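Examining the three-dimensional arrangement
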Amino acid sequence: MPPLLPVMSAAVLLQAGNGLLQALLPLRMQAQGLSAADIGMVASAYGVGFAAGCLAAPRVVRRLGFVRAYAGLAALMAILALALPMAGGEAGWILLRGLTGVGFAGLFTVVEGWIGSGSQDGNRGRVLAVYMVTTKLALMSGPLLIEPGGDQPFRALILLVLLSILPVAVARPVTPALPTAVTLDLRGLFRLAPSALVGCFAVGVVTGTVLALAPLYGLRVGMSESAAAALLVALQGGSLLAQWPLGWLSDRRDRRVVIAAVAGNGAVLSVGLALLPAGYPAWAVLTGFALWGSQALCLYALCVAHACDVVPPGRIVPTVSGLLIVWAAGAMAGPVPGALLMDRFGPPGLFAFAAIGFAALAGFVLIRRAVRTRSPEPDRLPFRPLRPDGLTGAAIPDPRTAPTPDEGH
């Protein structure tokens, strides 16, 4: 864990700025008169940019190394933060939000690839849980920096992003080996860990939509701007309490079972929020969001840990990048239909959408696991004796033969 502290410290500062931006932008766009559908389009643009950034990030890491890649991408984010107050109208917001997606994608690929490569199978769930807990604390603090009107929040964002460079640049951390592969192979990843791949997409669809529209949801149920921004704090606060126990549990049980259980809990809680009567006090809404976040916002780390269990160390960076792309595809696809449901059915439409997404994920993981358990062993190429080459998994095929899918994942 100590060798990973510098990059985790950088991630904390970065996520504080990300949390500030998540809460600030919907409120600014609402104040400028953009509709829920327009705000959903801007959120989708973030997903498009995020996917594009994920495609480029492994090559950037391979060319520049972890530290220089992080520093360059953080500088890009600072420039974009300077430009955001000048966004005028829907087109300007779409362009700049898409570019921030490119920057954040690269930064998160560096951070999570670094952490995934620097941890082992026996503690990866707990290491990722520590990472998620600390960054969630930062995400919770970000919305608290919002001030009505003015550009002060954007200056705070610039400060946080630039400060995040210092831990990785000054502390001389021990960085993992550069990735041996930079090309994405989503088809191969689906063969190895379909639950992780589908899980990241579903998490992007649901949580990307809720995080993008939560402040708007708060305004439409009659909450003040500060209380509406606090919904994001409640979401992260709930996940903060559950992330470590779920990571610990997933290190001792089949991670797919844990993923299915958490998704099922998220579906049930989504139904409860969709049925919440109008006029409930703010504390009750905040409590409901905290409970929802305790399940929904813990799923991504579980899916990443599951995927990192079954790929070679040299492919962890492109694997993490691929999962981020899939998450981004979900975050791109979800906000527009989620916003349209809010326009059509009011605030409950947002969580009806979430309930459907999480129920589908839980069903997929359980069915997939049951099918793999009942199916006969597939034909596969012969294995050579085990070699201590660091591949995370059980038996290791001889490199002269084609790799075969990892059974049971």
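Residues numbered from 1 in each chain as written. Predicted model: local features only at pLDDT ≥ 70, side-chain atom pairs only at ≥ 80, totals over all residues. Heavy atoms only, no water.

Structural notes on the overall build of the chain
Operational definition: Only DSSP runs of H or I with at least four residues qualify as helices, and only runs of E with at least two residues qualify as strands; both kinds are numbered from the N terminus onward. Residue burial is assigned from relative accessible area. The probe radius is 1.4 Å, only protein chains are included, and a residue is buried under 20% of its type maximum, exposed over 50%, and partly exposed in between. The contact rule is simple, with two residues in contact once any of their heavy atoms fall within 4.5 Å. In these tables, accessible area is a Shrake-Rupley quantity obtained with a 1.4 Å probe, and a residue counts as shielded only by the protein chains included in the view.
Looking only at helices and strands, the chain has 16 helices and zero strands in total. Counting every position in the chain, which comprises 409 residues, the buried fraction comes to 55%. Long-range pairs, those at least 24 residues apart, make up 85% of the contacts in the chain with a sequence separation of at least 6. Carbon and sulfur atoms make up 67% of the accessible area of the chain, which totals about 16500 Å².

Describing the nonpolar core
Operational definition: Nonpolar core, defined: a set of buried Ala, Val, Leu, Ile, Met, Phe, Trp, Tyr and Cys residues in which side-chain atoms within 4.5 Å join the residues together.
Of all hydrophobic cores here, the largest spans 127 residues; its most connected members are Phe50, Tyr70, Ile115, Leu235, Phe289, Trp292 and Phe351. Per-element tally for this core: the top contributor is helix 9 (residues 194–220), with 14 residues. Residues contacting Phe289, with those up to four places away along its chain left out, are Ala214, Tyr217, Leu231, Ala234, Leu235, Leu273 and Phe351.

A short note on the packing of helix 10 (residues 225–250) against helix 11 (residues 255–274)
Geometrically, a packed helix pair is captured by the angle between its two axes and the distance between the axes. Filter applied, for reference: Here the axes come from fitting lines to C-alpha atoms, over the contacting stretch only for helices, and the angles between their N-to-C directions go from 0 to 180 degrees. When residues are sorted by character, Ala, Val, Leu, Ile, Met, Phe, Trp, Tyr, Cys and Pro go into the nonpolar class, Asp, Glu, Lys and Arg into the charged class, and all the rest, Gly among them, into the polar class.
Here helix 10 crosses helix 11 at 145 degrees, and the two axes come no closer than 9 Å. Packed against helix 10, whose contacting residues are Leu246, Leu249 and Ser250, the element helix 11 presents Arg255, Val258 and Val262 at the interface. Considering only residue class, the contact of helix 10 with helix 11 consists of four nonpolar, one polar and one charged.

Here we look at the pattern of salt bridges
Convention followed: Salt-bridge detection follows one rule: a side-chain nitrogen of Lys or Arg within 4 Å of a carboxyl oxygen of Asp or Glu.
Taken as a whole and assessed by the stated rule, the structure comprises three salt bridges. Note that Arg256 and Asp254 form a salt bridge whose closest N and O atoms lie 2.5 Å from each other. Take Arg256: its relative accessible area is 10%, and that puts it in the buried class. Ionic pairing is found between Asp254 and Arg369, a salt bridge with its closest N-O pair at 3.0 Å. Note that Asp254 is positioned in the loop between helix 10 and helix 11 and Arg369 in helix 16 (residues 348–374), a separation of 115 residues in sequence. For Asp254, a relative accessible area of 24% translates into the label partly exposed. Note on Arg369: relative accessible area 33%, which makes it partly exposed. Through salt bridges with shared partners, one network takes in Asp254, Arg256 and Arg369.

Some remarks on the confidence of the model for the chain
Put simply, the rule reads: By definition, pLDDT measures how confident the predictor is in each residue, and it falls between 0 and 100.
Looking at the chain as a whole, the pLDDT averages 78, with 82% of positions reaching at least 70. No element of the chain has a lower mean pLDDT than helix 5 (residues 124–141), at 75, and none a higher one than helix 11, at 91. This stretch, residues 375–409, has a pLDDT under 50; its non-local contacts, to residues over four places away or in other chains, come to 51 contacts.

Description of the environment of Leu249
Structurally, Leu249 is set in helix 10. Classification of Leu249 by relative accessible area gives partly exposed; the value is 31%. Taking the C-alpha atoms as reference, Leu249 lies 9.0 Å from Arg126; in sequence the two are 123 residues apart.

Details of the state of the cysteines
Our working definition: For the purposes of this analysis, a disulfide is any pair of cysteine sulfur atoms at a distance within 2.5 Å.
All chains considered together, the criterion is met by zero disulfides. In this model Cys200 remains outside any disulfide bridge; the closest cysteine sulfur is found in Cys303, 4.6 Å from its own. For Cys303, a relative accessible area of 0% puts it in the buried group.

Notes on the packing of aromatic side chains
Put simply, the rule reads: Two rings belonging to Phe, Tyr or Trp (six-membered ring only in the last case) form a pair when the distance between their centres is within 6.5 Å. Interplanar angles under 30 degrees mark stacking, angles over 60 mark edge-to-face geometry, and anything in between is tilted.
Counted by the stated rule, this structure contains nine aromatic pairs. Ring geometry for Tyr46 versus Phe50: centroids 5.7 Å apart, planes at 50 degrees, classification tilted. Here the residue Tyr46 and the residue Phe50 both occupy positions in helix 2 (residues 36–64), the gap between them amounting to four residues, near one helical turn. Owing to a relative accessible area of 9%, Tyr46 belongs among the buried residues under this scheme.

As for the packing of helix 9 against helix 12 (residues 282–296)
As a reminder of what qualifies: Any angle that falls under 35 degrees is termed roughly parallel, while one over 145 is termed roughly antiparallel, one within 65 to 115 roughly perpendicular, and all others oblique. Helix crossings get a hand from a simple test, with the near helix turned counterclockwise from the far one by less than a right angle marking a left-handed crossing and a clockwise turn marking a right-handed one.
With their axes 12 Å apart at the nearest point, helix 9 and helix 12 run at an angle of 165 degrees to one another. With respect to helix 12, the element helix 9 is oriented roughly antiparallel. Every pair of crossing elements has a handedness; the one defined by helix 9 and helix 12 is left-handed. In this structure, helix 9 uses Val206, Thr207, Val210, Ala214 and Tyr217 to contact helix 12, whose residues at the interface are Val285, Phe289, Trp292 and Ala296.

A word on helix 9
Keep this limit in mind: To estimate how far a helix should extend, the number of its residues minus one is multiplied by 1.5 Å. Each residue is assigned a bend, namely the angle between axes fitted to the seven residues that terminate at it and the seven residues that start at it.
End to end, helix 9 covers 37 Å across 27 residues, agreeing with the expected 39 Å (1.5 Å per residue, within 8%). Maximal helix bending in helix 9 amounts to about 50 degrees, located at Leu213; proline Pro215 follows within four positions. Judged by how many residues are buried, helix 9 sits mostly within the fold: 23 of 27 residues are covered. Looking one or two residues beyond helix 9, the residue adopting positive phi is Gly222, at roughly 95 degrees.

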